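Architecture and fold: a report
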Amino acid sequence: MKIAIIGGGPAGLYAAILLRKQRPQADITVYERNRADDTFGFGVVFSDATLDNFEKYDLPSYRRITQEFAYWDDIAVHFRGTVHRVGGNGFCGCSRRMLLMILQERARELGVHLIFEAEIDEIEGLADADLVVLADGINSRFREKFTAHFEPEVDLRSNKFAWMGSTKPLDAFTFIFQETEWGPFIAHAYQYEIGHSTWIFETDPATFKRAGLESLDEKQSAGRMHEIFGEFLGSYPLLTNRSMWRNFPMIRSKRWIKDNMVLLGDAKATAHFSIGSGTKLAMEDAIALADAMHAAPTVEAALQLYERGRREEVEKTQHAADVSLVWFEHVDRFWKFDPVQFAFGVMTRAKAITYDNLNLRAPDFVAEVDRAFARQVREKGIDVDVENPVAPMFQPLRLRDMTLANRAVVSPMCMYSAQEGVPGDFHFVHYGARAIGGAGLIFTEMTCVSRDARITPGCAGLWNDGQQAAWKRIVDFVHGNSAAKICLQLGHAGRKGATKLMWDGMDRPLEQGGWDVLSASAIPYFPDSRVPREMDRAAMDRVRDEFVAATQRGEACGFDMLELHCAHGYLLASFISPLTNRRSDEYGGSLENRLRYPLEVFSAMRAAWPARKPMSVRISATDWAEGGITGDDAVAIARAFAEAGVDLVDVSTGQTVRDAQPVYGRMFQTPFSDQVRNEARVATMCVGNITTADQVNTILAAGRADLVALGRPHLVDPSFTLRAAAWYGANDVACPPQYLPGKEQIFRNSVRDRQDFEELKIKGKPKTRAELRAATKPLAAE
């Protein structure tokens, strides 16, 4: 077999090594356009888990790598005169040049041909290769040559960065956030060998311009960075090696293979440097390719297996990198945070590290985070223990005169089980069970303001006396048997009305028994959906008055809080999104105009709702579709509602148009809550694939939301919050006297269960290489 590898970086060299080990008789050649010892950048970084992979796949190169690496266990966050160190991370760094020398030497040992200073475009003879590996880096010529096939997407990110080095010793992976007269600068720094460290500097484009960096050459830029970070660098110089300022390109390719050619490493996909995974991804691509070549009978089958098996892991890493880089791009959102909360946000920004995870590794740090959170609660006028506080999930929250006992919320979830809008025994049990399960706040499902406002025939309503009496029965039970507060969510289905029950075909039009529907514009949801009637002024007045009448009925029922549903493509959302609002009058066009009617309805409801009681609004912070609502729009929408008197923004996303392309994942909507909360400066509730109390604490402690709503977890476990309270030792969670023996037992058992769990986690976690190295060889002192 003849294998040609284009690109002599870590991806190409490691692929050559692993493929040659599999096929000792194969003719494998690596073509590299640069010289053997040319390299740009300074150090590379790997986690212990990545090194475990290297040990498994090629022991000789692994041993050489680990002999040369610098190890560290801590991450240090420097911010506003403070430093917070978090241990147990298990990182190691190495000179990029040394890594290449090790891999070149190992490849030669195995009989791989290495050809340097080869102008790749002019290589002849590739036509007879059985496999061509395209590992020619971020600016891949071959990817661009076949761009119509690979269909790469390049997202050039906004922040500017420059990669430099120093002789400054470091004993931790170090983040430094520095305020300047021009704006914030960030340094990502780590030691990769004795006497050498990598320093990546980053800033937003406005700060970059104000600092005059665009007119400075490489040496002058290094001088400017030394001025800014001088208190950390001291007398140690900054070193340069093509250290020009640039924008990071996030690259994704629709296809990775063409005929017998396959993309590897940065040629196919990039991951932002803030999670340190570029070289890791490249070398693990090589591992995946080698595994596929071993398992499949032909090259064609192997390449198909490689792409199918590898794509999910790459996309997960890219998603984590995306979330991380966005955090750094918008660091100004968090600049006024308490330093320990800021550091917690740095640690948890990419979702891989969580509150519980940090508590195992750095309990003192998490205890400090808890105290800072409790201080914020006390500053809002609620007397809580700040020396021995409960976890953030169990801290109270006050909205106007309503005080919630904790931050866990039962999300609004349509049950589609009402009869002519009347909630029945199912609803009574459903809401009652979840109220006594310990949640601080219970939301009703979207409750419709008129018969024609329903989504389906099974939707609950509040437009007549029978419905009001049924809801009052539920509210009275919640108040009489729990400490939970209950919020009435009011909405109008708009163009998504007259549809089947969810389990019969979600959003599909009724075949019989439908009704006329309304919307901002006459655009059906599906081509075969009912065509909505564009609302005229008379219809707008009537619907507004229906919302006010339902608001008054909600007060008569005794609800503690009221929410207006302006999300998910329903009636009021159809005014807000440009995808569903094509009006040419004063209610269409600009965002200000599109918000006019929803704000009119909200203001009328606010006037009818008691001033002492809070109101919230649910919004879709993005339509997940080109030309639709964006996160920046969501900030403007939140500010407009806040000015109208809203107390909380319930941040959801999507469901506006049927061809939306949401990006799912754990806590996938939380970044939008984060943006709205910290740019619009309004309290938010987040929702969306949040499944554990650990995630709730992570979101709250990082300042990404003020309340956290969970849907599916509460469907299967009405006592979700009570169980979490036992796990975190939050003894004050309310419980009906009939259930106290059960509460007492679970609290007793949870103390032991948590101790056992944490001991198993600690025992099961292998010592990091930094810990093992520290036991035999002390770190070099500065």
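Please refer to the structure higher up on the page.
In this report, the structure presented in the accompanying data block is examined.

Each value, and the rule that gives it
Residues numbered from 1 in each chain as written. Predicted model: local features only at pLDDT ≥ 70, side-chain atom pairs only at ≥ 80, totals over all residues. Heavy atoms only, no water. Helix = DSSP H or I, 4+ residues; strand = E, 2+ residues; numbered from the N terminus. Rg over C-alpha atoms; globule rule 2.2 N^0.38 Å. Buried < 20%, exposed > 50% of the residue type's maximum accessible area, 1.4 Å probe, protein only. Contact = heavy atoms within 4.5 Å. Lys, Arg positive; Asp, Glu negative; His and termini not counted. Charge placed at Lys NZ, Arg CZ, Asp CG, Glu CD. Pairing = 2+ DSSP bridges. Axes fitted to C-alpha atoms, helices over the stretch in contact; angles between N-to-C directions. Polar contact = N/O pair within 3.5 Å; in protein donor to acceptor, adjacent residues only side chain to side chain. Core = buried A, V, L, I, M, F, W, Y, C linked by side-chain atoms within 4.5 Å. Patch = residues over 30% accessible without salt bridge, like charges linked within 9 Å, V, L, I, M, F, W, Y side chains within 5 Å. Areas by Shrake-Rupley, 256 points an atom, 1.4 Å probe, with all protein chains shown as cover. Salt bridge = Lys/Arg side-chain N within 4 Å of Asp/Glu carboxyl O. Phe/Tyr/Trp six-rings, centres within 6.5 Å; stacked < 30°, edge-to-face > 60°. Lys NZ or Arg CZ within 6 Å of the ring centre and 35° of its normal.

Counting secondary structure elements, the chain contains 28 helices and 30 strands. Against the globule reference of 28 Å for 782 residues, the chain gives a C-alpha radius of gyration of 29 Å, in line with a compact fold. Looking at the chain residue by residue over its 782 residues, the buried ones come to 60%. For the chain, restricting intrachain contacts to residue pairs at least 6 apart in sequence, the fraction spanning at least 24 positions comes to 72%. Both charge centroids of the chain, one from 92 positive and one from 103 negative side chains, sit 2 Å from each other.

It is worth spelling out the sheet that holds strand β9 (residues 131-134) at this point. In space, the six strands of this open sheet follow the order β8-β2-β1-β9-β17-β16, with mixed pairing throughout. Every other strand in the sheet has two partners, leaving β8 (113-115) and β16 (257-258) as the edge strands with one partner each. Of the strand pairs in this sheet, strand β2 (residues 27-31) and β8 are connected by three bridges, and their pairing is parallel. Bridge pairing in β8 links threonine 29 to histidine 113. Each of β9, β16 and β17 (261-263) touches helix α11 (residues 299-329); the most contacted strand, β17, lies at about 15 degrees to it.

This paragraph deals with the sheet that holds strand β3 (residues 43-47). Whenever strands of a sheet pair, they do so through backbone hydrogen bonds, lying parallel or antiparallel. Overall, antiparallel pairing links the three strands, which are arranged β3-β7-β4 in an open sheet. The sheet is open, and its two edges are formed by β3 and β4 (70-72), each paired on a single side. Taking each pair of neighbouring strands and ignoring which way they run, the sheet shows an average axis angle of 25 degrees. Sheet topology note: the β4/strand β7 (residues 91-95) ladder contains three bridges and is antiparallel. Looking across to β7, one finds that tyrosine 71 is bridged to cysteine 92. This element, helix α2 (residues 48-57), spans β3, β4 and β7 of the sheet and lies at about 90 degrees to β3.

Structurally, serine 197 is set in strand β13 (residues 196-203). Among the residues examined, serine 197 registers a relative accessible area of 0% and is labelled buried. Polar side-chain contacts of serine 197 include one of 2.8 Å to the backbone oxygen of lysine 168. Setting aside residues up to four positions removed in sequence, serine 197 forms contacts with Met164, Gly165, Ser166, Lys168, Leu170, Tyr190, Gln191 and Tyr192.

Next up on the list: unusual backbone geometry. Notably, arginine 80 is not glycine yet its phi reads approximately 45 degrees, a positive angle. For arginine 80, a relative accessible area of 46% puts it in the partly exposed group. A positive phi is found at asparagine 689, a non-glycine position, where the angle reads about 55 degrees. Inspection of the secondary structure assignment puts asparagine 689 in the loop between β29 (684-686) and α24 (693-701).

In terms of nonpolar packing, the biggest core is built from 77 residues, with Met535, Phe547, Tyr597, Phe641 and Val649 touching the most fellow members. Judged by nonpolar contacts, the second largest core, of 64 residues, contains Phe344, Ala374, Phe394 and Phe747.

Attention now goes to a nonpolar patch on the surface. A contiguous nonpolar patch, built from Met502, Trp503 and Met506 and spanning about 340 Å² of accessible area, is present on the exposed surface. You can see methionine 502 is positioned in helix α17 (residues 502-505).

Of all ten residues that make up strand β12 (residues 184-193), nine are buried, and the element is covered over most of its length. Pairing analysis gives six bridges linking strand β11 (residues 173-179) to β12, with the strands arranged antiparallel. Residue pairing for β12: isoleucine 176 is matched across the bridge by alanine 187. Judged from the eight bridges that link them, β12 and β13 form a sheet pairing that is antiparallel. The residue bridging phenylalanine 185 from the neighbouring strand is threonine 203, located in β13. Between β12 and β13, which pair antiparallel one after the other, the connecting turn spans two residues, and glycine 195 there sits at a positive phi close to 85 degrees.

Time to look at the packing of aromatic side chains. On inspection of all chains with the given rule, the structure shows 42 aromatic pairs. Look at tryptophan 624 and phenylalanine 672: their rings are 5.5 Å apart centre to centre, the planes differ by 85 degrees, and that puts the pair in the edge-to-face class. Note that tryptophan 624 is positioned in the loop between β27 (615-620) and α22 (631-643) and phenylalanine 672 in helix α23 (residues 670-680), a separation of 48 residues in sequence. Per residue, the accessibility class of tryptophan 624 equals that of phenylalanine 672, and both read buried. One residue, arginine 454, lies across the ring of tryptophan 515, its end atom 4.5 Å from the ring centre. Lying over the aromatic face of phenylalanine 747, lysine 743 brings its terminal NZ or CZ to 5.4 Å of the ring centre.

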